[in-house]
Amino acid sequence: MDKFTTLTGIAAPMPLVNIDTDMIIPKQFLKTIQRSGLGKNLFDEMRYTQDGQEIPDFVLNQPAYRKAEIIVAGDNFGCGSSREHAPWALLDFGIRCVISTSFADIFFNNCFKNGILPVVLPQEAVDHLMDDARKGENARLTVDLENQTVTASDGTAFRFEVDPFKKHCLLNGLDDIGLTLEKAASIDAFEAKNATLRPWA
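Residues numbered from 1 in each chain as written. Predicted model: local features only at pLDDT ≥ 70, side-chain atom pairs only at ≥ 80, totals over all residues. Heavy atoms only, no water.

Any two packed helices are characterised by the angle at which their axes cross and by the distance between the axes. Remark: helix α3 (residues 85-93) packs on helix α4 (residues 105-113), axes separated minimally by 9 Å, with the N-to-C direction vectors making an angle of 45°. Accordingly, the angle class assigned to the pair α3 and α4 is oblique. Two packed elements cross with a definite hand, and for α3 against α4 that hand is right-handed. The segment α3 lies against α4, with A86, P87 and L90 engaging F107, N110 and C111. Looking at side-chain class alone, the contact of α3 with α4 contains 5 nonpolar, 1 polar and no charged residues. (Axes fitted to C-alpha atoms, helices over the stretch in contact; angles between N-to-C directions. Helix = DSSP H or I, 4+ residues; strand = E, 2+ residues; numbered from the N terminus. Parallel < 35°, antiparallel > 145°, perpendicular 65-115°, else oblique. Left-handed = near helix turned anticlockwise from the far one by under 90°. Contact = heavy atoms within 4.5 Å. Nonpolar A, V, L, I, M, F, W, Y, C, P; charged D, E, K, R; others polar.)

In structure tokens, the structure reads:
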């Protein structure tokens, strides 16, 4: 998993509330167990017509936001089913941070496990960042995980809270496998000792 330290990038404004996981990645794309390749289907039903043509009004189809790395969203982002394909699709598109007033719990936790930082801020802060994001590619947000701040293009900074353990994992690029590998020496020592004490096991 890639480390997340500081991100400065284009933010796409998505003021819709209750953006659920089926909107993020529709059910017909859930057959794969590969984490890559889902970015092209991110928000598929909002991005494309039924015959596969881009819908020009959708924010990620607009030239200013095609390389967005941040989404500023409405309340309750990631609600609905618990599919991990949703953060996979966001990450494969290039999104590393989502900012909202609230997230569904399972989606929130899945983001951390896949290298995406979900930032919870008060409504006034989200409104300010949403207005900033609407300025297009010239208005870039900076997300600093170490200092737990989001800074708008006008210099206004907002502090967010994050669980210390989740912060440690993101800063160091540690998913569940990475966390286990950190304990490799202890695991090897236990296995060696166990083989001596219980050779029949």
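Let's pick the thread back up.
Bringing the pairing of strand β1 (residues 6-14) into the picture now. Of all 9 residues in β1, 7 are buried; the element is thus mostly enclosed. The pairing of β1 with strand β5 (residues 140-144) spans 5 bridges and is antiparallel. Bridging across to β5, T6 finds its partner in D144. As paired elements, β1 and strand β2 (residues 70-73) share 4 bridges and run parallel to each other. The partner of P13 across the bridge, within β2, is V72. (Buried < 20%, exposed > 50% of the residue type's maximum accessible area, 1.4 Å probe, protein only. Pairing = 2+ DSSP bridges.)

A separate point is the environment of G94. Checked against the element boundaries, G94 lands in the loop between α3 and β3 (97-100). Judged by its relative accessible area of 24%, G94 falls in the partly exposed class. C-alpha of G94 to C-alpha of D22: the two residues are 72 residues apart in sequence and 19 Å apart in space. Here G94 is in contact with A68 and E69, once residues within four sequence places are set aside.

Attention now moves to unusual backbone geometry. Phi at N18 is positive, roughly 60°, even though this residue is not glycine. Along the chain, N18 turns up in the loop between β1 and α1 (21-24). Taking relative accessible area as the criterion, N18 reaches 42% and is therefore assigned partly exposed. Even without glycine at this site, Q148 takes up a positive phi of about 55°. By secondary structure assignment, the location of Q148 is in the loop between β5 and β6 (149-151).

Turning our eyes to something else, we now look at α3. Of all 9 residues making up α3, 7 are buried, and the element is well covered by its neighbours. Residues H85, A86, P87, W88, A89, L90 and F93 constitute the buried set of α3. Where the residues of α3 are buried, they touch α1, α2 (44-47), β2, β3 and α4. Positive phi shows up at G94, right after α3, with a value of about 125°.

Shape is all these values report; function is a separate question.
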